[in-house]
Every structure is written in structure tokens, then in C-alpha cells.
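Listed below are the residues making up each chain.
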Amino acid sequence: QVQLVESGGGLVQAGGSLRLSCQASGRTLSNYAMGWFRQAPGKEREFVARVTRVGTTYYADSVKGRFTISRDNAKNTVYLQMNSLKPEDTAVYYCAADAGYSNTRSPSTYEYWGQGTRVTVSS
């Protein structure tokens, strides 16, 4: 199986930037599409971004133009570059691995999950 560990979260002011990393161990990351999700208190986990095995990217409307997902298979790592952060981006961010090919935005279809890293954006 795959173990995923997120890092890079923290406290930033609105308009600032953070770069989240998701380091994988176990099976090679190249076998999976990878996604980033986030969950704020009292809300359901929501889709943020997805990158396929060949590098095609997809984004939630709320983060288009501000966030960039990328992968480095040689380092077994996925990144989420977050720019122009807003207070509504405050959440715990999770990376996840998907063995399927369905281009899904549903958390239920992702097989492996990290523990999450907390992002807080102040106003």
C-alpha cells in the first residue's frame, strides 16, 4: 500500500502563499492519480485539485488561478502551490492517491490518504 505524509501548512496572512508537500512511501507514486482535498470545521471534505498519471490537472472553481498541483515522480512527491490565499481557504488539507482512471472529484474513490496539514489564513 501507500503511506502519505503532508507538510508545509501553517499560518499566513490573506494574500500570502504556501506550498504543501505530500511525500509518499511504499508503492511508487507513478501508479496513482493524486488529489488534494480540504476540510474546514463543520464542513464536508471537498475537492481542491487532481493531477493524473500523465500530468493533466483539474481544479475546483474556488481555487482556479490561485492554486497549482504538480507531481515529481522521481521524488515520490506531490505539491500544492497556494497563492493569493483567502480566509475561506482555512482548512486541514489532505493528499490522496487514486488507483482508478475516472477523473473523480469524490473523496470516496481515493484509496489512500495522508493525515493532513493545517492551513490557517488570517484577514
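Nothing here was measured: the structure is a model prediction, and the numbers come from that model. Positions within a chain are numbered from 1, following the residues in the order the chain's sequence is written. For this predicted model, a pLDDT threshold of at least 70 governs which residues receive local features, and a threshold of 80 or more governs which side-chain atom pairs are given and counted, while totals over whole chains, interfaces and linings are taken from all residues. To obtain the side-chain values, all non-hydrogen atoms of the structure were used and water was disregarded.

## Let's talk about the state of the cysteines
So, step 1. Two cysteine sulfur atoms form a disulfide, by the criterion used here, when they sit within 2.5 Å. With the rule as written, the count across this model stands at one disulfide.
So, step 2. In this model, Cys 22 is linked to Cys 95 through a disulfide, with the two sulfur atoms separated by 1.9 Å. Disulfide Cys 22-Cys 95: torsion about the S-S bond near 55°, hence right-handed. Here Cys 95 lies in strand S9 (residues 91–98) and Cys 22 lies in strand S3 (residues 18–26), a separation of 73 residues in the sequence. Here the two residues Cys 22 and Cys 95 agree in accessibility, since each one is buried. Comment: elements are numbered from the N terminus, with helices defined as DSSP H or I runs of at least four residues and strands as E runs of at least two. Burial classes: relative accessible area under 20% of the type maximum marks a residue as buried, over 50% as exposed, and values in between as partly exposed (1.4 Å probe, protein chains only).

## Observations regarding the packing of aromatic side chains
So, step 1. Think of it this way: a Phe, Tyr or Trp ring, Trp meaning its six-membered ring, pairs with another when their centres are within 6.5 Å, and the plane angle makes it stacked under 30 degrees, edge-to-face over 60, tilted otherwise. According to the stated counting rule, one finds six aromatic pairs in the structure shown.
So, step 2. Judged by centre distance (6.0 Å) and plane angle (85°), the ring pair of Tyr 32 and Tyr 112 falls under edge-to-face. Highlighted residues: Tyr 32 in the loop between S3 and strand S4 (33–39) and Tyr 112 in strand S10 (residues 112–113), separated in sequence by 80 residues. Each member of the pair, Tyr 32 as well as Tyr 112, is classed as buried.
So, step 3. Each ring, one from Phe 37 and one from Tyr 110, has its centre 4.9 Å from the other, and the planes form 80°; the classification is edge-to-face. Within this pair, whereas Phe 37 is found in strand S4, its partner Tyr 110 is found in the loop between S9 and S10, the two being separated by 73 residues in sequence. Just as Phe 37 is buried, Tyr 110 falls in that class too.

## Some thoughts on the pairing of S3
So, step 1. Two strands are said to pair when DSSP picks up at least two bridges between them. The pairing of strand S1 (residues 2–7) with S3 spans six bridges and is antiparallel. Pairing of Val 5 across the sheet is with Gln 23, part of S3.
So, step 2. As paired elements, S3 and strand S8 (residues 77–82) share six bridges and run antiparallel to each other. Within the sheet, the bridge partner assigned to Arg 19 lies in S8 and is Gln 81.

## Describing the side chain of Ser 21
So, step 1. Here Ser 21 shows up in strand S3.
So, step 2. Of the residues examined, Ser 21 reaches a relative accessible area of 19% and is grouped as buried.
So, step 3. It only takes one pair of heavy atoms within 4.5 Å for two residues to be counted as in contact. With residues up to four places along the chain from it excluded, the contact list for Ser 21 reads Val 5, Glu 6, Ser 7, Trp 36, Thr 77, Val 78 and Tyr 79.

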